[in-house]
Amino acid sequence: MNLIDRIRKIFFASPPPEDDPGQDEEFRIRYQAFRRLLSANNSCLDMMTEMEEAARGQRRFGMHFIRSRVTGITTKVFVMVENLLSLAPGKYMALREALHKIQGLLQQEVDRAHVPHRPEFILELSELTSQDVDDVGGKMSHLGELRNALHMPVPDGFAITAHAYETFMRSGDLREQINCLVLGKSMGGHVLGSVTEGQERTEEEQEAGHPLALLELCAKVRSLILESPMPPEVEAAILDAYDCLAAREGRPVHVALRSSALGEDSAQASFAGQHRSLLNVDRDGLLLAYKEVIASKYSAHAMTYRYVRGIRDEDVLMCVGCLSMVTSRMGGVVYTHNPLDSYDDRVHITSAWGVAKGVVDGTATCDQFVVSKADPPRIEESTVPRKESCLVCSENEGVCRLSVDPELCEQPTLDEAQIQELVAASLRIEQHYGGPQDIEWAFTPDLQLMLLQTRPLDVQGGQGPRKLLEDCTPLLHCGNTASPGAASGVVHIVRKDVDMLLLPENAVLVCVEASPKWAAVLARCQGIIAEQGSVAGHLANVAREFGVPALFGATDATKILAPGQVVTLDADNAAVYPGQQDALLDQAPRKPVMAEDSPVFQTLLRVSAHIAPLNLTNPDSVEFAAANCQTLHDITRFCHEKSVAEMFSFGRDHNFSLRSSKQLKSIVPMQWWVINLEDGFHKETHEDMVSLANIASIPMLALWRGIEAFPWEGPPSLDGKGFLAVLFQATANRNLEPTLASNFAERNYFMISKHFRNLQSRFGFHFTSVEALAGSRARENYIRFRFKGGAADAYRRERRASFVGEILEEYDFHVKVREDAMFARIDGCDQSFVEKRLELLGHILMHTRQLDMIMSREDVVQFYKERIMAQLNTIMKNPVP
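Residues numbered from 1 in each chain as written. Predicted model: local features only at pLDDT ≥ 70, side-chain atom pairs only at ≥ 80, totals over all residues. Heavy atoms only, no water.

A few words now on the overall build of the chain. When helices and strands are counted, the chain shows 23 helices and 32 strands. In the chain, 67% of the contacts between residues at least 6 apart in sequence involve partners at least 24 apart. Counting every atom, the chain has about 36,200 Å² of accessible surface; 51% of that belongs to carbon and sulfur. (Helix = DSSP H or I, 4+ residues; strand = E, 2+ residues; numbered from the N terminus. Contact = heavy atoms within 4.5 Å. Areas by Shrake-Rupley, 256 points an atom, 1.4 Å probe, with all protein chains shown as cover.)

Below is the structure:
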């Protein structure tokens, strides 16, 4: 080959050489391995994004979401590791060990389970204190504390322990059968989850949501529990404990079975009204009633409550309290602080004739008393409505509703002495626990005070009432604030369970009774309006925990408000307005998605610590090694970096088929070939050429915009020294002979997917590579630019490398120059930022060709630098398409 032919071969692309058919299979195997690795990497990043959104409170999630994402990410990382090892057999074996170690840590976090401390099935109330909460739950441990530490009046009874519950759930594979039902519904149907407006209902939101699927699931689980035989040893322990209680009472005794699940009645979650309590149960009904309480763990409202509050199913071990039934003349609830206003520390009493059940389930008409904590206490406010019915214990089992004695209908349920006694007992409990309390109580027919429950009371900050709107008349202006805030939505009236199935998005739920069962759909409601109920009811408690504005005692709400009507609820001012009133909504606090101290949220944070952090950030560092991967993110980054290096070792370590590439149809006076790694084309083509319109790769298109931005005006004029240097390099530098490297070195090759692009290019005597990832995850995005060589002498080649580096440093690149090689990088930027920098690189690729020829003349260098900088600034001003 003569001198002219060699120069021509360097400056102008030669026809592609013939393929060796034997290379096809080797290339296909490596090509498919690389595509699988890229696809798995994209899936990993998508799932990591979902976990990050959950941690930022941007989506609802439960344990199924966490388990599915942990499984999905580890599976995809395994795919990446194995495909990298396929590309580079034996080189990165430490990745398998790193992945195995991280998988073990993740499994430990996901499978954490409560282990009861004590082996007894029964613990007597006389031996319980608050220290026994992990064995008998919050309700019974608090009652034991009242009885045995404070010596206050509580009913006699016993607790059926967490160990008894675990024994029952293990019998006959009951737990496994329930898990199969719950997980099967979560995977296949939208059981639990809330979908906000404009969002598609997705798999991760299937843990809570569609009422029909949820009710079907609950019915199946309930039947499964009720039909399961009781382990003989648990049955005997329960009946023996009942017999001992009856012996102490000196007669057959009716009992109340009350849920006391682990986590219930805690400062983090009240579970108010979410589990069943069965009143007035005799010995014959005791075992079935116990199973009914256990089954209530899987009621629609209880499952939704756990989901929204971030409580793991396996953490809720259903302990049950069995208490001697108290015949109640009047009963109710005491709040030792106003739950809606942290500045109001007065005692708030809600009272009704009969048992307290009517107060907490929202069906009773109640008296309200607000009492100062002065000595003696002083009644500052009282509301005594007409009370025409009440709940009392029936003669056989359960409770029934009776008419109130006409002489008592308009009488207060409590006199001043009883109020003072109740306040004194409540303040003693508050002082003992060191914070506001929610206390359930009853007075017996002989007017003896009995304490039935105490739990921490969550107190809202209180913003003070806003003014009523002056330019809009409310449709309703009555009732009491049960949960603060403002919300707008479509009126949906519920009178029976089936009405929940038709609940629209953005609903304001309107009902007669403030029943706890409406909590099953509360997370999907904007607000709730009830004709009955009080701030002390269970639904009010849950509404406050969920951050849903609620107005109770709104007379005739179901008659005044029409289904489908858009309204705005101002719960703070007990007002409902027509239409959407933005002036109120602007002030409404945002509903919390999940408490950060909840068990599920904490599980998410713990597993994320083994998934998301990125420690391997610098591929050029000696620390960038397989053995140093500490998280799944480290492994994905390592696999991606090394797979690119292995795949693009063109012809050096492996031979490749050229038939897999498509020539790009282009007006740019150079030849370009494209290999579609995954989704880099809008549409696959069987032709030998591909048009730019069919390119879907975001980083390739960005680079191409820079290439086309300004026409190349040709090489600079060469002086004698410059031309002689070209001749010298062409004859003396054998490394510039393309056929000595590989076929790929002769052409300009793009390897692309939608968000990834690697360009290997030869422009005359110098070589460049540009690799970039440009997607929605900013911290994953990067650019790597390498620039080396030239036809001039060493000084001018090195000067051009510095020249390019100086320009790139002006645009946020980190640059290193070593002799005539320049390396530049950008990491962790959003997609539009990456696209603009790729446009700059495209321009630089075209317009720095052969500039090494003039690098000995500083005036010419400055001329070209100023021109290139002006053009780059013009590119920067143009918006990203």
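There is more to say, and it comes next.
We now examine the sheet that holds strand β15 (residues 449-456). Read from one edge of the open sheet, six strands run β11-β10-β9-β8-β14-β15, paired in antiparallel fashion. The sheet terminates laterally at β11 (379-383) and β15, the two strands that pair on one side only. Between one strand and the next, the sheet's axes are offset by a mean angle of 15°, whatever the strand orientation. Inspection of the sheet shows strand β9 (residues 347-353) paired to strand β10 (residues 367-371) by five bridges, in the antiparallel sense. (Pairing = 2+ DSSP bridges. Axes fitted to C-alpha atoms, helices over the stretch in contact; angles between N-to-C directions.)

What follows is about the packing of aromatic side chains. In total, this model carries eight aromatic pairs according to the counting rule given. A connected cluster of aromatic rings, assembled from ring pairs, spans Tyr-92, Phe-624 and Phe-638. Directly above the aromatic system of Trp-518 lies the positively charged group of Lys-517, at a separation of 5.2 Å from the ring centroid. The lysine or arginine in question, Arg-837, covers the ring of Phe-833, its NZ or CZ lying 3.7 Å from the ring centre. (Phe/Tyr/Trp six-rings, centres within 6.5 Å; stacked < 30°, edge-to-face > 60°. Lys NZ or Arg CZ within 6 Å of the ring centre and 35° of its normal.)

With that settled, consider helix α4 (residues 94-110). With 17 residues, α4 should cover 24 Å at 1.5 Å per step; its first-to-last C-alpha distance of 25 Å lies within 8% of that length. Buried within α4 are the following residues: Leu-95, Ala-98, Leu-99, Ile-102, Leu-106, Glu-109 and Val-110. Along α4, the residues classed as buried sweep out an arc of 105° about the axis, all on the same side. In α4, the exposed positions angled more than 90 degrees off the buried face are occupied by Glu-97, His-100, Lys-101 and Gln-108. Buried residues along α4 sit in contact with α3 (63-87), α17 (599-609) and α18 (632-647). (Expected span 1.5 Å × (residues − 1). Buried < 20%, exposed > 50% of the residue type's maximum accessible area, 1.4 Å probe, protein only. Arc of directions from axis to C-beta.)

For the rest of this paragraph, the subject is the nonpolar core. In terms of nonpolar packing, the biggest core is built from 78 residues, with Val-255, Leu-257, Tyr-290 and Phe-552 touching the most fellow members. Of the residues forming this core, the biggest block, eight residues, is contributed by helix α9 (residues 232-249). Beyond its immediate sequence surroundings of up to four residues, Leu-257 is in contact with Arg-276, Ser-277, Leu-278, Leu-286, Ala-289, Tyr-290, Val-293, Val-320, Gly-321 and Cys-322. Core analysis: the next-biggest nonpolar cluster, separate from the first, contains 50 residues, Ala-702, Ile-752, Phe-803 and Val-834 among them. (Core = buried A, V, L, I, M, F, W, Y, C linked by side-chain atoms within 4.5 Å.)

On to the sheet that holds strand β6 (residues 277-281). As summarised here, the arrangement of the five strands in space is β1-β2-β7-β5-β6, forming an open sheet in which the pairing is antiparallel. Among the strands making up the open sheet, the edge pair consists of β1 (122-124) and β6. Averaged over all pairs of adjacent strands, the angle between their axes in this sheet comes to 20°, without regard to strand direction.

Throughout the structure, instances matching the rule amount to 42 salt bridges. For Glu-646, the salt bridge goes to Lys-91, with nearest N and O atoms at 2.7 Å. Separated by 555 residues along the polypeptide, Glu-646 in helix α18 and Lys-91 in the loop between α3 and α4 bring together distant segments of the chain. As a salt-bridge pair, Asp-827 and Arg-784 come within 3.0 Å of each other at their nearest N and O atoms. Linking Asp-827 in strand β32 (residues 821-827) with Arg-784 in strand β30 (residues 782-789), this pair joins segments that are 43 residues apart in sequence. The network of salt bridges with common partners includes Asp-344, Arg-346, Arg-378, Glu-380 and Glu-381. (Salt bridge = Lys/Arg side-chain N within 4 Å of Asp/Glu carboxyl O.)

Mapped onto the secondary structure, Arg-777 falls in the loop between β29 (766-773) and β30. Setting aside chain neighbours within four positions, we find Arg-777 in contact with Leu-45, Met-48, Thr-49, Glu-52 and His-633.

The predicted model of the chain has a mean per-residue pLDDT of 82, with 83% of residues at 70 or higher. For the stretch residues 186-209, pLDDT sits under 50, and the model shows 74 contacts to residues farther than four places along the chain or on other chains. (pLDDT = per-residue confidence, 0-100.)

Bringing the packing of helix α11 (residues 300-309) against helix α14 (residues 538-546) into the picture now. Close contact between α11 and α14 brings their axes to 11 Å; oriented N to C, the two are set at 25°. Overall, the two elements α11 and α14 adopt an arrangement that is roughly parallel. By crossing handedness, the relation of α11 to α14 is classed as left-handed. Facing Thr-304, Tyr-305, Val-308 and Arg-309 of α11, the residues of α14 in contact are Val-542, Glu-545 and Phe-546. Of the residues contributing to the contact of α11 with α14, the split by class is four nonpolar, one polar and two charged. (Parallel < 35°, antiparallel > 145°, perpendicular 65-115°, else oblique. Left-handed = near helix turned anticlockwise from the far one by under 90°. Nonpolar A, V, L, I, M, F, W, Y, C, P; charged D, E, K, R; others polar.)

For the bond from Asp-375 to Pro-376, the omega torsion is 5°, close enough to zero to count as cis. With respect to the helices and strands, Pro-376 occurs in the loop between β10 and β11. With phi around 55°, Asp-173 is a residue other than glycine that occupies positive phi space. Following the sequence through the fold, Asp-173 ends up in the loop between α6 (162-170) and α7 (174-188).

Across the five residues that make up β6, a large majority, four, are buried. Where strand β5 (residues 255-259) and β6 come together, three bridges link them in antiparallel fashion. From the neighbouring strand, Arg-258 faces β6, where its bridge partner is Ser-277.

Attention shifts here to the packing of α9 against helix α10 (residues 286-295). Following both chains from N to C, one finds α9 and α10 inclined at 115°, their axes separated by 10 Å at the closest point. The crossing of α9 and α10 is right-handed. Across the interface between the two elements, Glu-235, Ile-238, Leu-239 and Tyr-242 of α9 pack against Leu-286, Leu-287 and Tyr-290 of α10. Considered class by class, the residues forming the contact of α9 with α10 number six nonpolar, no polar and one charged.

Residue placement: Ala-356 occurs in the loop between β9 and α12 (357-360). Residues Ala-356 and Cys-390, spaced 34 residues apart in sequence, show a C-alpha to C-alpha distance of 9.5 Å.

Turning our attention to the pairing of strand β23 (residues 575-578). Across two bridges, the pairing between strand β16 (residues 476-477) and β23 is antiparallel. Bridging from a neighbouring strand, Leu-476 pairs with Val-576 of β23. The pairing of strand β22 (residues 566-570) with β23 spans four bridges and is antiparallel. Across the sheet, Thr-568 pairs through a bridge with Tyr-577, a residue of β23. The hairpin turn running from β22 into β23, its antiparallel successor, is four residues long, and Ala-574 in that turn takes a positive phi close to 50°.

A few words now on the environment of Val-644. Residue placement: Val-644 occurs in helix α18. Assessed through its relative accessible area of 3%, Val-644 is described here as buried. For the pair Val-644 and Leu-84, spaced 560 residues apart in sequence, the C-alpha separation works out to 9.6 Å. Here Val-644 is in contact with Phe-34, Phe-756, Asn-758 and Glu-771, once residues within four sequence places are set aside.

Right, let's get into the environment of Asp-132. Examined against the element boundaries, Asp-132 turns out to sit in the loop between β1 and α5 (133-148). Asp-132 sits in the buried class, given a relative accessible area of 10%. C-alpha separation for the pair Asp-132 and Glu-145, spaced 13 residues apart in sequence, amounts to 9.5 Å. Setting aside residues up to four positions removed in sequence, Asp-132 forms contacts with Arg-118, Glu-127, Gly-137 and Ser-141.

Note on terminology: a disulfide is the covalent bond linking the sulfur atoms of two cysteines. Under the definition given, this model contains zero disulfides. The thiol sulfur of Cys-390 is not disulfide-bonded, and the nearest other cysteine sulfur, from Cys-400, lies at 8.6 Å. (Disulfide = S-S within 2.5 Å.)

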